[in-house]
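What follows is the residue order along each chain.
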Amino acid sequence: AKFFDAKFNDVSGKTVDLSVLRGKTIVVNFWSTWCPPCIEEMPMFNEVQSQWKNKNVVFVGIAVDQAGNVKSFLKKTPVNYPIVVGEQASIDLARELGNRYDAVPFTVIINPQQHISSRHAGIYARKDLEADLAKAVQ
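These remarks concern the structure in this document. Source: prediction; values computed, not measured. (Residues numbered from 1 in each chain as written. Predicted model: local features only at pLDDT ≥ 70, side-chain atom pairs only at ≥ 80, totals over all residues. Heavy atoms only, no water.)

The next subject is the packing of aromatic side chains. As enumerated under the stated definition, the model contains 5 aromatic pairs in all. Summarising the aromatic geometry, the rings of Phe3 and Phe4 are spaced 5.2 Å apart at their centres and angled 85° between planes, so their arrangement reads as edge-to-face. Across the pair, exposure class does not vary: Phe3 and Phe4 are buried alike. Ring geometry for Trp31 against Phe73: centres 5.2 Å apart, planes inclined by 45°, an arrangement best described as tilted. Taken together, the residues Trp31 in strand β3 (residues 25-31) and Phe73 in helix α3 (residues 67-76) connect sequence positions 42 residues apart. Taking relative accessible area as the criterion, Trp31 reaches 0% and is therefore assigned buried. The buried category is assigned to Phe73, whose relative accessible area is 9%. (Phe/Tyr/Trp six-rings, centres within 6.5 Å; stacked < 30°, edge-to-face > 60°. Buried < 20%, exposed > 50% of the residue type's maximum accessible area, 1.4 Å probe, protein only. Helix = DSSP H or I, 4+ residues; strand = E, 2+ residues; numbered from the N terminus.)

Here it is as structure tokens:
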């Protein structure tokens, strides 16, 4: 429930209300522009988002970073899913969702019933992500 109560800004400063995602399978990826493993998994997230969107799956990137850094990064490395900027609030939310080490990347899959179906610290291997998504969308 904490996830759906959260509001973050996108890189242009527009507020994004995460409650609009209720009822979907959501892949929440906490990342940062200074984190090589985070950047490494983004192209795969783009591909999986494209392949799974017709199954009511949506990815959300929550940057544990500053808006200016994220905006510059996204100009060079566009993604096909929403990115919001969280700074300290994103660290707090990641902790609430089970990130005990405050590490990035940290990814959580929330099923349509609003329960966390999996948590993953570090780079998500595509086969593992897709296996976890298959369980979550049921």
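Continuing now.
This brings us to the pattern of salt bridges. Side-chain pairs of opposite charge can arise where the charged atoms are in close proximity. Within this structure, the stated rule accounts for 7 salt bridges. Residues Arg126 and Glu47 are paired through a salt bridge, measuring 2.5 Å at the closest nitrogen-oxygen approach. With Arg126 in helix α5 (residues 126-137) and Glu47 in helix α2 (residues 36-52), this pair connects stretches of sequence that are 79 residues apart. Taking relative accessible area as the criterion, Arg126 reaches 25% and is therefore assigned partly exposed. We classify Glu47 as partly exposed; its relative accessible area is 43%. The salt bridge partner of Arg95 is Asp102, with a shortest N-O separation of 2.7 Å. The partly exposed category is assigned to Asp102, whose relative accessible area is 41%. (Salt bridge = Lys/Arg side-chain N within 4 Å of Asp/Glu carboxyl O.)

To continue, consider the state of the cysteines. Enumeration according to the criterion identifies 1 disulfide in this entry. The disulfide partner of Cys35 is Cys38, and the gap between their sulfur atoms is 2.2 Å. Disulfide Cys35 to Cys38: torsion about the S-S bond roughly 80°, handedness right-handed. In this structure Cys38 comes out as buried when scored by relative accessible area, which is 0%. (Disulfide = S-S within 2.5 Å.)

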